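Okay, here's what each chain looks like letter by letter:
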Amino acid sequence: MQKTLIDAQTADKTSDGFNVENLTNLVAQLIRAVHTSGNTVFSFDGSNDGTNWVTGIAVLNVTQTTVGTYVASVTLSSATTAAVYIPSGWKMIRAVTDVTTDGTNTVILTGQKAT
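Basis of the calculations
- Residues numbered from 1 in each chain as written.
- Predicted model: local features only at pLDDT ≥ 70, side-chain atom pairs only at ≥ 80, totals over all residues.
- Heavy atoms only, no water.
- Pairing = 2+ DSSP bridges.
- Helix = DSSP H or I, 4+ residues; strand = E, 2+ residues; numbered from the N terminus.
- Buried < 20%, exposed > 50% of the residue type's maximum accessible area, 1.4 Å probe, protein only.
- Contact = heavy atoms within 4.5 Å.
- Core = buried A, V, L, I, M, F, W, Y, C linked by side-chain atoms within 4.5 Å.

Please set out the sheet that holds strand β1 (residues 2–9) residue by residue, giving values where relevant.
Where strands meet in a sheet, backbone hydrogen bonds hold them as pairs that are either parallel or antiparallel. Spatially, β1-β11-β4-β9-β6-β7 is the arrangement adopted by the six strands of the open sheet, whose pairing is antiparallel. Taken across any chain shown, the strands that pair with only one partner, and hence form the sheet edges, are β1 and β7 (70–71). When strand β4 (residues 23–33) meets strand β11 (residues 104–113), the two strands line up antiparallel, connected through nine bridges. Bridge assignment links glutamine 29 to a residue of β11, and that residue is isoleucine 108.

Now the structure itself:
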């Protein structure tokens, strides 16, 4: 399964909630393009009812040099890409971008159907 949660946005954005209760091995690719200055802070929210959201859930930054680093957000300050692993257990997640100055931002989620 692949789902684009945020697609080429240039301003702050919170995606719609996406149901992940039957998915495992969730990985989100974070993309920042058209960079001149500033940065984008990417984070994720989780919910088990689709109404009440826990903001800034801990995700595993899989592009860190230190393996096993859980973070509440990832900041990209150039035209680059990163990836995070989102632990299963949530019914729904949503992506959040906080943009400073400029940049085009995309979040693509992939996962496997649970068996």
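Could you give an account of the side chain of asparagine 105, with specific residues and numbers?
Structurally, asparagine 105 is set in strand β11. We classify asparagine 105 as buried; its relative accessible area is 0%. Every residue in contact with asparagine 105, bar those within four places of it in the chain, is listed here: Ile6, Asp7, Ala8, Gln9, Ile31, Arg32, Thr40, Phe42, Thr97 and Val99.

Go over the nonpolar core, please, and point to the residues and values.
Ranked by size, the top nonpolar core spans 22 residues in total, and within it Ala28, Leu30, Phe44, Val84, Ile86, Val107 and Leu109 carry the most contacts. Breaking this core down by element, the ones donating at least two residues are β1, β4, β5 (38–47), β8 (73–76), β9 (80–86), β10 (92–101) and β11. Among the elements that take part in this core, β4 stands out by supplying four residues, more than any other. Sequence-distant contacts of valine 84, defined by excluding residues within four places in its chain, comprise Leu26, Val27, Ala28, Leu30, Phe44, Val59, Leu60, Asn61, Val62 and Val74.

Now, about unusual backbone geometry: what can you tell me, with residues and values included?
A positive phi angle, close to 50 degrees, is found at asparagine 25, a residue other than glycine. Structurally, asparagine 25 is set in strand β4. On the basis of relative accessible area, asparagine 25 is assigned to the partly exposed category, the value being 39%. One non-glycine residue, valine 34, adopts positive backbone phi at about 50 degrees. For valine 34, the position within the fold is in the loop between β4 and β5.

Geometry only, nothing functional implied.
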